[in-house]
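Structural features, examined
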Amino acid sequence: MKLAVVIPCYNEKDNIPLIVQRIGKTFKDRKNIDVILVDNGSTDASEEVFLDHIKGQDLIRYIKITKNQGYGHGILYGINAAPNADVYAWTHADMQTDPAHVLKAFDLLRAKGVENKIIKGKRTNRSALDALFTFGMQVFASALLGVKFNDVNAQPKVFSKHFFDNHIRGKAPLDFSLDLFLLYQCSKAGYSTLTIPVDFPQRAHGEAKGGGNWPARIKLIKRTFSYILFLRKSINASLPE
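Because the structure is predicted, anything quoted here is derived from the model rather than measured.

**Some points on the overall build of the protein**
Assigned secondary structure in the protein consists of eight helices and seven strands. Over its C-alpha trace the protein gives a radius of gyration of 17 Å, about what one expects of a compact globule, namely 18 Å for 241 residues. Overall, the C-alpha framework of the protein stretches about 60 × 40 × 35 Å when taken along its three principal axes. Each of the 241 residues in the protein was classed as buried or not, and the buried ones make up 48%.

Put into structure tokens, the structure is as follows:
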């Protein structure tokens, strides 16, 4: 069973050496894994750092997107570059989620059977404020969409190619709503969501792109609420009169 791991990177030049080193150590003995690092339209020196650090790394593929079109776009672009995988996963490049958790989730999915389930992380060791923020968002989403959500943006996400082809491909948003959409589609398709605990340390370098400071966090809230309302409207439109 072949796993493709997609890791989108946007202006992460200082974290790239760390993630490349960690990937090399974590996946070195696994022959069935394709790691795809997607330079998602970075405007810093990411490309130079990537090309310097992946030399001799047969395990890692580097893909560059010239212009950033969203977090979700970067992930979907990477997945489309691995059509022969049986299982897909994505996680982040900021090292707040260890790539080793992808292996743990993949092995759990294989043990439980890849059909009708996905595996996701559930973050531990977070600040009270961050945990409260996440809880509020998931309560709002759950109430409006009729789906029980849990730590929507926690990584990794691991799922079968069959699930992606039938429930995600051609339908997914291109921004940070992709995580929400994946879990929503999982529930609507009758899939089970299994979670694994993932330690969530502070970033070594830089700031989170999807809410590392309050202006960015407010922007994320607005975009997420807008997408939740869009999904809600779609649900209502599909109900029989």
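**Points about the environment of G41**
Position of G41 relative to the elements: it lies in the loop between β2 (33-40) and α2 (46-53). Put simply, G41 and A100 are 59 residues apart on the chain and 26 Å apart in space, counted from C-alpha to C-alpha. If near-sequence neighbours (up to four positions away) are discounted, G41 is found in contact with Y10, I65, T66, K67 and N68.

**A look at helix α7 (residues 178-188)**
Counting buried residues in α7 gives nine out of eleven residues, a clear majority hidden from the surface. Along α7, the residues that are buried comprise L178, D179, L180, F181, L182, L183, Y184, Q185 and C186. At the exit of α7 stands G190, carrying a positive phi of roughly 80°.

**Let's talk about the packing of aromatic side chains**
A complete count under the given rule lists ten aromatic pairs for this structure. Judged by centre distance (6.4 Å) and plane angle (55°), the rings of Y88 and F159 are tilted. Taken as a pair, Y88 in strand β4 (residues 87-90) and F159 in strand β6 (residues 157-160) lie far apart in primary sequence, 71 residues in all. Here the two residues Y88 and F159 agree in accessibility, since each one is buried. Through successive ring pairs, a cluster of aromatic residues spans Y88, W90, F159, F163, F164 and Y191. One cation-aromatic arrangement involves R123 over F200; the distance from NZ or CZ to the ring centre is 5.1 Å. When the ring centre of F200 is taken as origin, the NZ or CZ atom of R126, which lies over that ring, is 5.7 Å away.

**Structural notes on the packing of helix α1 (residues 16-27) against helix α4 (residues 100-112)**
With their axes 9 Å apart at the nearest point, α1 and α4 run at an angle of 35° to one another. From α1, R22, T26 and F27 reach across to α4, where they touch A100, V102 and L103.

**Some remarks on unusual backbone geometry**
Excluding glycine, residues mostly carry a negative phi; peptide bonds, for their part, are mostly trans. A cis geometry characterises the amide bond from Q155 onward to P156, with omega recorded as 0°. Summarising the element assignment, P156 is placed in the loop between α5 (128-145) and β6. Positioned with a positive phi, N11 is a non-glycine residue whose angle comes to about 55°. Assessed through its relative accessible area of 24%, N11 is described here as partly exposed.

**Here we look at the pairing of strand β1 (residues 3-9)**
Counting buried positions along β1 yields seven of seven residues, so the element is predominantly enclosed. The alternating pattern of β1 places L3, V5, I7 and C9 and A4, V6 and P8 on opposite faces, both of which are buried. Note that β1 and β2 share seven bridges and pair parallel. Residue V6 lies in a different strand from β2, and its bridge partner there is I36.

Scoring rules and cut-offs
- Residues numbered from 1 in each chain as written.
- Predicted model: local features only at pLDDT ≥ 70, side-chain atom pairs only at ≥ 80, totals over all residues.
- Heavy atoms only, no water.
- Helix = DSSP H or I, 4+ residues; strand = E, 2+ residues; numbered from the N terminus.
- Rg over C-alpha atoms; globule rule 2.2 N^0.38 Å.
- Buried < 20%, exposed > 50% of the residue type's maximum accessible area, 1.4 Å probe, protein only.
- Contact = heavy atoms within 4.5 Å.
- Phe/Tyr/Trp six-rings, centres within 6.5 Å; stacked < 30°, edge-to-face > 60°.
- Lys NZ or Arg CZ within 6 Å of the ring centre and 35° of its normal.
- Axes fitted to C-alpha atoms, helices over the stretch in contact; angles between N-to-C directions.
- Pairing = 2+ DSSP bridges.

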